[in-house]
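Breakdown of the fold
What follows is the residue order along each chain.
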Amino acid sequence: MVPTSYYLILSAVLFGLGVVAFVFKRNVITIFMSIELMLNAVNLAFVAFSQARHQSDGQVFVLFVIVVAAAEAAVGLGIIILTARNRQSLNVERVDLLKL
Amino acid sequence: MTPQLAIFFVLAAIAVIGALSLILQRHPIHSALSLIVVMIALAGLYLLMGSEFVAAVQIIVYGGAIMVLFVFVIMLLNAGVEERTNVSKLAGIAGIPLAVALLGFLAAAIARSNETAQAGFQSGGLANTKDISTMLFKDFVYPFELTSFLILVAILGAIVLAQRENS
Amino acid sequence: MISFLTSFLAAHATIIIYLVKIALLLFIVLTVNAYLTWFERKVVAHMQSRWGPHRVGPHGLLQPAADGLKFLLKEDPTPAGVDKFTYFLAPLMALALALTSIAIIPFGPEPLHIFGRDITLGIADLNIGILALFAITALSVYGVALAGWSSNSKYPLLGGLRSSAQMVSYELALTMSVVGVLLLAGSFNLRDIINAQAHHPERGILGWNIWPQILGFICFFVAAVAETNRVPFDLPEAESELVAGFHTEYASFKFAMFFIAEYTSMITVSCLCTIMFFGGWLSPFPASWTFTYYLPSVILIPAGLWVIWDGIRYETIFGRLVLPGIGTVLTVIGIALAVPQLQFVNAFIQGPFWLLAKIFVFLFVYVWMRGTLPRFRYDQLMSFGWKLLLPLSIANVVITAFAMLIWGPR
């Protein structure tokens, strides 16, 4: 048996690493990936709580989070493709103007 | 140490190393691969907890659809090695203390809470899947319908974005 | 020493049984793979009025061994400018995932009683069997996509892009098309899915899922062919346009890995079609027709006699020695299965016999399509997948759900 707190600490570590990646990385696609990493960390906490309390609703929330992540990826990557086409760069610092 | 604890530590280590590698790799494809490793390790952890359905969905949707989309876009845009600029150092100076503080707060909060419940195997995976489906289609049926609408909107948004203007 | 060995074996029996089963399954799958290439070349050749492999061994039977040796011994150049790690990872990933998916397939209803233990046929009997298979299929996109990207060359990149788009698109139809079967069985487990089709043993072939799920089957098979990148959906490796698609830059054993992965996934898809729509190991005849138990003998004995007859007239001496030998073995097995004292063997063999026979039929269909059908154009492929196959498979889910609501489950 693994104590729930272990899962929560792992979830916190992964979330923290996601935040670090979000701040550190310059490539807009990688920044987007670090958001996915944070979402995954949250999912882990959801599942751990759901199993600890023997209720399924945490796992249902995970499914919702995954759906939202999928929708977000579809739209977000569409936007990334457009900006990359317009600016010829994926570096977020090159995308600092609202108009070209 | 029970085998379950050993498996937990192995998978946790894989997940953390994958997340670190996501940060340290400079090529987006390598970062994407690291993230896939994290996701598979998390799916393993879900299996360890006895949530087989979520584990399968994690790999199918995250690993098989979302990350494929990322890899696909990286290939399509032919993204090269990441540039390092001055501002990113500044972000590092601000980011590391922030992340460490966040981690510290979270760990302290978790350690202080007297959560003694254990995440363990529930008997029977099918019952687990059945529980989830009953809950999803009874208690959460309106949010569920709402997500379908969300996906529809996302598809439309992606199509509108991907369309070339002059056509 | 011997007592230590026996005590060690007894203590770790479960693990050892699993290891032996895995090794055996790997051996069988790889051998079947090798002979599948021979079978494919032979069948396509005969469809095109050629002989096919004929030089190495009698009827080219040693051709797979020669090919394997060639793969091992060929020079293995790494092109300049490739992304080394990904370049080496991609074929490994493709092969490992393809071989893993076989582990979930159950091969027979009854466990084998040996040394006082029950050994089930099949490695992993998962509650989420079919979902686990889809998870593995979902990951196998990476092998192809990464191979195309890491080769640092334009044809592989185009092939990789095409294939990842194709595989992601058809995965949806693939997943949706089995939902009807899952609704009928009420389980993700492959054994449960087969057993649900045996609900009325007297119906035999009429109880299989293919009748209520014919639409689902069509969608599943087409999507699965696309998923395995086979003709007529083999756009990722369209020779005339893309040289060899994603594996253009791969040579020698790394190429062989992609090759084995492709053929293994063909076997997996055939297994899945059989299990989900064609009753798995169930006999097509009603359960009361016990005389059909002699069918394996009825097939094996004439086949063995024919191989002997063909063998003694063969042009090379090697063939004149080997072919009658194979024929004799087949005949003896056929006769042994008909002997009343060995009835228990015959009863045990029924399940695997029907399963393997049906899988063989599907493999033949795969080869048959390769010999017959032209390749799709890329836009046709995409519009076919999204505009026809996906709506059809969703319609199948709706129809099945309504039918079950009206008439009740089965």
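Residues numbered from 1 in each chain as written. Chains lettered and ligands numbered in written order. Predicted model: local features only at pLDDT ≥ 70, side-chain atom pairs only at ≥ 80, totals over all residues. Heavy atoms only, no water.

Our next topic: the overall build of chain C. Secondary structure summary: chain C contains 15 helices and 2 strands in total. Taking 410 residues into account, the globule formula puts the C-alpha radius of gyration at 22 Å, and chain C, at 23 Å, falls close to it. Projected onto the principal axes, the alpha-carbon positions of chain C cover approximately 65 × 65 × 55 Å. Here chain C holds 410 residues, and 49% of them are scored as buried. Taking the intrachain contacts of chain C between residues at least 6 apart in sequence as the baseline, contacts between residues at least 24 apart amount to 79%. When the accessible area of chain C is evaluated, it comes to approximately 19,700 Å², of which 74% is carbon and sulfur surface. Averaged over its 23 positive side-chain charges, chain C has a centre that lies 5 Å from the centre of its 21 negative ones. (Helix = DSSP H or I, 4+ residues; strand = E, 2+ residues; numbered from the N terminus. Rg over C-alpha atoms; globule rule 2.2 N^0.38 Å. Buried < 20%, exposed > 50% of the residue type's maximum accessible area, 1.4 Å probe, protein only. Contact = heavy atoms within 4.5 Å. Areas by Shrake-Rupley, 256 points an atom, 1.4 Å probe, with all protein chains shown as cover. Lys, Arg positive; Asp, Glu negative; His and termini not counted. Charge placed at Lys NZ, Arg CZ, Asp CG, Glu CD.)

With that settled, consider a nonpolar patch on the surface. Judged by side-chain polarity, Ile394(C), Val398(C), Phe402(C), Leu405(C), Ile406(C) and Trp407(C) come together as a nonpolar surface patch covering roughly 730 Å² of accessible area. Secondary-structure assignment places Ile406(C) in helix α15 (residues 378-407). (Patch = residues over 30% accessible without salt bridge, like charges linked within 9 Å, V, L, I, M, F, W, Y side chains within 5 Å. Salt bridge = Lys/Arg side-chain N within 4 Å of Asp/Glu carboxyl O.)

Here the focus is the interface of chain C and chain B. Taken together, the contact pairs 25 residues of chain C with 23 residues of chain B. Buried surface at the junction of chain C and chain B, both sides included, amounts to about 2,100 Å², of which 79% is carbon and sulfur. The largest contributions to the chain C side of the interface with chain B come from Tyr142(C), Trp149(C) and Leu161(C), which together make up 28% of the buried area. Between chain C and chain B we count 0 salt bridges in total. At the junction of chain C with chain B, the criterion picks out 5 residue pairs in polar contact (both at pLDDT 80 or more). Those elements that place two or more of their residues in the side of chain C that touches chain B are α4 (84-102), α5 (129-150) and α6 (154-177) of chain C. (Buried area = accessible area lost by both parts, 1.4 Å probe. Polar contact = N/O pair within 3.5 Å; in protein donor to acceptor, adjacent residues only side chain to side chain.)

For any part of a model where pLDDT is low, the fine detail of the predicted coordinates should not be relied upon. Mean pLDDT for chain A: 85, with 97% of residues reaching 70 or above. Considering each helix and strand of chain A separately, the mean pLDDT is smallest for strand β1 (residues 2-3) of chain A, with a value of 80, and largest for helix α2 (residues 28-52) of chain A, with 90. (pLDDT = per-residue confidence, 0-100.)

Before going further, it helps to examine helix α2 (residues 13-47) of chain C. The terminal C-alpha atoms of α2(C), which comprises 35 residues, lie 49 Å apart, in line with the 51 Å expected from a rise of 1.5 Å per residue. Residue Ser49(C) follows α2(C) closely and has a positive phi angle near 55°. (Expected span 1.5 Å × (residues − 1).)

So, on to helix α1 (residues 3-24) of chain B. Relative to the 32 Å expected for 22 residues at 1.5 Å per residue, α1(B) spans 31 Å between its end C-alpha atoms, a close match to the ideal helical length. Taken residue by residue, α1(B) has Leu5(B), Phe8(B), Leu11(B), Ala12(B), Ala15(B), Gly18(B), Ala19(B), Ser21(B), Leu22(B) and Ile23(B) as its buried positions. The inward-facing, buried residues of α1(B) contact β1, α1 (4-24) and α2 of chain A together with α2 (28-49) of chain B.

Okay, the environment of Thr175(C) next. For Thr175(C), the position within the fold is in helix α6. Along the primary structure Thr175(C) and Cys219(C) are separated by 44 residues, whereas in three dimensions their C-alpha atoms are 9.8 Å apart.

In helix packing, the relevant descriptors are the interaxial angle and the interaxial distance, both defined with respect to the helix axes. All names here are of chain C. At a closest axis distance of 13 Å, the pairing of α5 and helix α11 (residues 252-277) adopts a crossing angle of 155°. It follows that α5 is roughly antiparallel to α11 by the angle criterion. Of the two possible hands of crossing, α5 and α11 adopt the one that is left-handed. Residue-level contacts link Ile 130, Leu 133, Gly 143 and Ala 147 of α5 to Phe 258, Thr 268, Leu 272 and Met 276 of α11. (Axes fitted to C-alpha atoms, helices over the stretch in contact; angles between N-to-C directions. Parallel < 35°, antiparallel > 145°, perpendicular 65-115°, else oblique. Left-handed = near helix turned anticlockwise from the far one by under 90°.)

Next up on the list: the packing of aromatic side chains. This model, assessed by the stated rule, comprises 33 aromatic pairs over all chains. Where Phe61(A) meets Phe140(B), the ring centres are 5.5 Å apart and the plane angle is 80°; that geometry is what we call edge-to-face. Here the residue Phe61(A) occupies a position in helix α3 (residues 57-87), and Phe140(B) occupies one in the loop between α5 (125-139) and α6 (141-162), the pair thus bridging two chains. Residue classification places Phe61(A) among the partly exposed positions, given a relative accessible area of 32%. Every member of this aromatic cluster is reached through a ring pair, and the members are Trp208(C), Phe217(C), Phe220(C), Phe221(C), Phe277(C), Phe278(C), Phe362(C) and Tyr366(C). The ring centre of Phe71(C) lies 5.3 Å from the NZ or CZ of Lys70(C), which sits over that ring. Positioned over the ring face of Tyr155(C) is Lys154(C), at 5.5 Å from the centre of the ring. (Phe/Tyr/Trp six-rings, centres within 6.5 Å; stacked < 30°, edge-to-face > 60°. Lys NZ or Arg CZ within 6 Å of the ring centre and 35° of its normal.)

Let's shift gears to the interface of chain A and chain B. Contacts between chain A and chain B engage 71 residues on the former and 79 residues on the latter. Summed over both partners, the interface of chain A with chain B buries about 6,800 Å², with 76% contributed by carbon and sulfur atoms. Summed over the three residues of chain A that lose the most area to chain B, namely Met1(A), Met33(A) and Gln51(A), the buried surface amounts to 10% of that side. Joining chain A to chain B, the criterion identifies 0 salt bridges. Where chain A meets chain B, there are 6 residue pairs in polar contact (both at pLDDT 80 or more). Mapped onto the side of chain A that touches chain B, the elements with two or more residues apiece are β1, α1, α2 and α3 of chain A. Ranked by residues supplied to the side of chain A that touches chain B, first place goes to α3(A) with 24 residues. Of the residues in the side of chain A that touches chain B, the class split is 49 nonpolar, 14 polar and 8 charged. (Nonpolar A, V, L, I, M, F, W, Y, C, P; charged D, E, K, R; others polar.)

As a further point, take the confidence of the model for chain C. On average, residues of chain C score 85 in pLDDT, and 97% of them are at 70 or above. Confidence scores differ between elements of chain C, with helix α10 (residues 239-242) of chain C showing the lowest mean pLDDT of 64 and helix α9 (residues 214-227) of chain C the highest of 90.

This paragraph deals with the side chain of Ser169(C). Residues and elements named next belong to chain C. With respect to the secondary-structure elements, Ser 169 resides in helix α6. The class for Ser 169 is buried, based on a relative accessible area of 6%. In contact with Ser 169, not counting residues within four places along its chain, are Met 382 and Trp 386.

Moving on, we come to the state of the cysteines. Residue and element names in this part refer to chain C. Under the defined criterion, the tally for this structure stands at 0 disulfides over all chains. You can see Cys 271 has no disulfide; the closest cysteine sulfur is in Cys 273, sitting 9.5 Å from it. On the accessibility criterion, Cys 273 (0% relative accessible area) is buried. (Disulfide = S-S within 2.5 Å.)

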